[in-house]
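Each chain, written out:
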Amino acid sequence: MQTTWKGTISFGLVSIPVHLYSATQEHDVPLHQVHAKDGGRVRMKRYCEQEEKEVPYAEIAKGYESPDGRTVTLSDEDLADLPLPSKKVIDVLAFVDADEIDPLMFSKAYYVGVADKAAAKPYALLRDALVESGQIAVTKIALRTRESPAVLRVHDGTLVLQTCIWPDEVRPAAGIAPEEDVAVRPQELKMARSLMDTLSEDFDLSQLHDDYQQALQQVITARLEGVELPHEEEPGGAPDNVIDLMEALRSSLKRAKGGRAPAAAASEPEEQPAPRKRAATKRTTAAATKRTAAAGAAGKAAPAKKTTTRKSPTPRKAS
């Protein structure tokens, strides 16, 4: 893995010689500019307006134009010799809880590796201290032509330096969210939470893939083979507004559960009470039938006992 930056982490009086390595990479289909008419390659040339000719990359330097039109030329040596303390040192300024840094400020991530064997012990000390405290370290670092705030945190047992943007570079969000008071009913909030829990079941972030790159590769392959381009069926248009928020949540929850009715729908008095009434009616009818049969049996048994009683005196008179 190619080294991006070499320097030292300053942790109080403890110094840790480290190297930085890019922790992320993007997988893009390489595309370049061509002339749409004939497919000819379009290349960007470095053209000097003063000499009216193309110049090689080795002769390119940075320049700044002042408000009055003057231009200052800055070479790579000028930029490398800036009087900047964070040029080769990652100075730990403070330790804060992770939720104190807005994720909106995070930028690019770098793995932090030791520069030599002597740095292994202080490296492990800082790493384990961050894990035990549950905090992150706030630092500053100068990378290429920019100084940035950064944080040191732990990922899979490895220190990670995450550069950030400056707080004043975060644009205010005023006027974007709805400003009027919107009342959310407890039933709607409960249904939304149930939908959130259902969508989060067995979710695995590592299973996500880039559908755009896959579709682009299919189009490129079709062009190369001279076959018909694949087409995706256009999805139905989304409604302009939500008429019944509860119904939309209920339908979303049912679809997320694979067609099963949402649990919250059981509180709605729809068709469920009817089967209970019919079952109660059947039980009442059956009970009444049993009582009628028992009463009939008792009525038949009673006359038999009376007949026996009437016949018993007759033999005594005859005697």
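What counts and how
Residues numbered from 1 in each chain as written. Predicted model: local features only at pLDDT ≥ 70, side-chain atom pairs only at ≥ 80, totals over all residues. Heavy atoms only, no water. Helix = DSSP H or I, 4+ residues; strand = E, 2+ residues; numbered from the N terminus. Buried < 20%, exposed > 50% of the residue type's maximum accessible area, 1.4 Å probe, protein only. Contact = heavy atoms within 4.5 Å. Areas by Shrake-Rupley, 256 points an atom, 1.4 Å probe, with all protein chains shown as cover. Expected span 1.5 Å × (residues − 1). Arc of directions from axis to C-beta. Core = buried A, V, L, I, M, F, W, Y, C linked by side-chain atoms within 4.5 Å. Pairing = 2+ DSSP bridges. Axes fitted to C-alpha atoms, helices over the stretch in contact; angles between N-to-C directions. Patch = residues over 30% accessible without salt bridge, like charges linked within 9 Å, V, L, I, M, F, W, Y side chains within 5 Å. Salt bridge = Lys/Arg side-chain N within 4 Å of Asp/Glu carboxyl O. Lys, Arg positive; Asp, Glu negative; His and termini not counted. Charge placed at Lys NZ, Arg CZ, Asp CG, Glu CD. 1 Å grid on protein atoms, 1.4 Å probe; cavity = no way out; pocket = protein on both sides within 12 Å on 5 of 7 lines; lining within 4 Å. Points joined across faces, edges and corners; volume = space filled by probe spheres on them. Nonpolar A, V, L, I, M, F, W, Y, C, P; charged D, E, K, R; others polar. pLDDT = per-residue confidence, 0-100. Phe/Tyr/Trp six-rings, centres within 6.5 Å; stacked < 30°, edge-to-face > 60°.

A.B. asks: Where do I start with the overall build of the chain in this structure?
C.D. replies: When you go through the chain residue by residue, the secondary structure sums to 7 helices and 12 strands. Within the chain, the proportion of its 319 residues that are buried is 18%. Of the contacts formed within the chain by residues at least 6 apart in sequence, a portion of 58% connects residues at least 24 apart. Accessible surface, the chain: about 25600 Å² in total, of which carbon and sulfur atoms supply 54%.

A.B. asks: Got a minute to help me understand helix 5 (residues 245-256) in this structure?
C.D. replies: Given 3.6 residues per helical turn, the α-helix brings residues three or four places apart onto the same face. Helix length check: helix 5, at 12 residues, gives a terminal C-alpha distance of 16 Å against a target of 16 Å (1.5 Å per residue), a fit within 8%. Buried residues of helix 5: Met246, Leu249, Arg250 and Leu253, and no others. Around the axis of helix 5, the buried residues are gathered within 100 degrees of arc, so they sit on the same side. Looking at the buried positions of helix 5, the neighbouring elements they touch are helix 3 (186-200). Immediately beyond the C-terminal end of helix 5, within one or two residues, lies glycine 258, with a positive phi of roughly 80 degrees.

A.B. asks: Mind showing me how you'd approach the nonpolar core here?
C.D. replies: Side chains of a nonpolar character, in soluble globular proteins, are inclined to be buried together. In terms of nonpolar packing, the biggest core is built from 20 residues, with Ile9, Leu20, Val112, Ile141, Leu152 and Leu161 touching the most fellow members. Mapped onto this core, the elements with two or more residues apiece are strand 1 (3-11), strand 2 (14-22), strand 9 (106-114), helix 2 (120-133), strand 10 (135-143), strand 11 (146-155) and strand 12 (158-164). Once you skip the residues sitting within four places of it in the chain, isoleucine 141 turns out to touch Trp5, Leu20, Ser86, Ile90, Arg146, Glu147, Ser148, Ala150, Leu161 and Thr163. If you look at the next biggest cluster of nonpolar residues, it comprises 7 residues, including Ile101, Met105, Ile136 and Val138.

A.B. asks: Just checking my understanding: could you explain the sheet that holds strand 10 for this structure?
C.D. replies: Adjacent strands of a sheet pair through backbone hydrogen bonds, lying either parallel or antiparallel. Spatially, 7-1-2-9-12-11-10-8 is the arrangement adopted by the 8 strands of the open sheet, whose pairing is mixed. A strand with exactly one partner marks an edge of an open sheet, and here the two such strands are strand 7 (89-91) and strand 8 (94-97). When the angles between neighbouring strand axes are averaged without regard to direction, this sheet yields 40 degrees. Packed on one face of the sheet, helix 2 meets strand 1, strand 2, strand 8, strand 9, strand 10, strand 11 and strand 12 and runs near 75 degrees to strand 11.

A.B. asks: Can you help me understand the environment of glutamine 217 in this one?
C.D. replies: Counting through the fold element by element, glutamine 217 comes out in helix 4 (residues 211-225). Judged by its relative accessible area of 38%, glutamine 217 falls in the partly exposed class.

A.B. asks: Teacher, can you tell me more about a negative patch on the surface here?
C.D. replies: Residues Glu26, Asp28, Asp210 and Asp211 make up a contiguous surface patch of negative charge. On the secondary structure map, aspartate 210 appears in the loop between helix 3 and helix 4. Overall, the relative accessible area of 42% leaves aspartate 210 in the partly exposed class.

A.B. asks: Just to check I follow, could you spell out the layout of surface pockets for this structure?
C.D. replies: If a probe the size of a water molecule is rolled over the atoms, the empty space left behind becomes visible. Approximately 400 Å³ is the volume attributed to the largest pocket. In terms of lining residues, the largest pocket is bounded by 16 residues, among which Leu79, Ala80, Leu143, Arg144 and Thr145 are the most central. Those elements giving two or more residues to the lining of the largest pocket turn out to be strand 1, helix 1 (76-80), strand 10 and strand 11. In terms of residue class, the lining of the largest pocket is built from 7 nonpolar, 2 polar and 7 charged.

A.B. asks: How should the confidence of the model for the chain be read in this particular structure?
C.D. replies: Keep in mind that low pLDDT regions are not for reading the predicted coordinates in detail. Summary statistics for the chain give a mean pLDDT of 79 and a share of 77% for residues scoring 70 or more. No element of the chain has a lower mean pLDDT than helix 7 (residues 313-318), which averages 44, and none a higher one than strand 12, which averages 96. Here residues 264-290 is modelled with pLDDT under 50, and outside its nearest four sequence neighbours on either side it reaches 4 contacts, counting other chains as well. Here residues 292-319 is modelled with pLDDT under 50, and outside its nearest four sequence neighbours on either side it reaches 0 contacts, counting other chains as well.

A.B. asks: Got a minute to help me understand unusual backbone geometry in this structure?
C.D. replies: A negative phi holds for most residues other than glycine; trans holds for most peptide bonds. Although it is not a glycine, glutamate 52 sits at a positive phi angle of roughly 55 degrees. Tracing the chain through its elements places glutamate 52 in the loop between strand 3 (47-48) and strand 4 (53-54). The backbone of aspartate 202 shows a phi angle near 55 degrees, a positive value even though the residue is not glycine. Tracing the sequence through the fold places aspartate 202 in the loop between helix 3 and helix 4.

A.B. asks: Mind showing me how you'd approach helix 2 here?
C.D. replies: An ideal rise of 1.5 Å per residue puts 20 Å on 14 residues; helix 2 measures up with 20 Å between its terminal C-alpha atoms. One or two residues past the end of helix 2 sits glycine 134, with phi positive at roughly 70 degrees.

A.B. asks: Sorry, what's going on with the packing of aromatic side chains here?
C.D. replies: The description of an aromatic ring pair uses the distance of the two centres, along with the angle that the planes make with each other. By the definition in use, this model includes 1 aromatic pair. Plain terms: the ring middles of phenylalanine 11 and phenylalanine 95 are 5.7 Å apart, the flat faces sit at 75 degrees to each other, and that makes the pair edge-to-face. One end of the pair, phenylalanine 11, is in strand 1; the other, phenylalanine 95, is in strand 8, and 84 residues separate them in sequence. Of the residues examined, phenylalanine 11 reaches a relative accessible area of 22% and is grouped as partly exposed. Given the relative accessible area of 32%, phenylalanine 95 is considered partly exposed.

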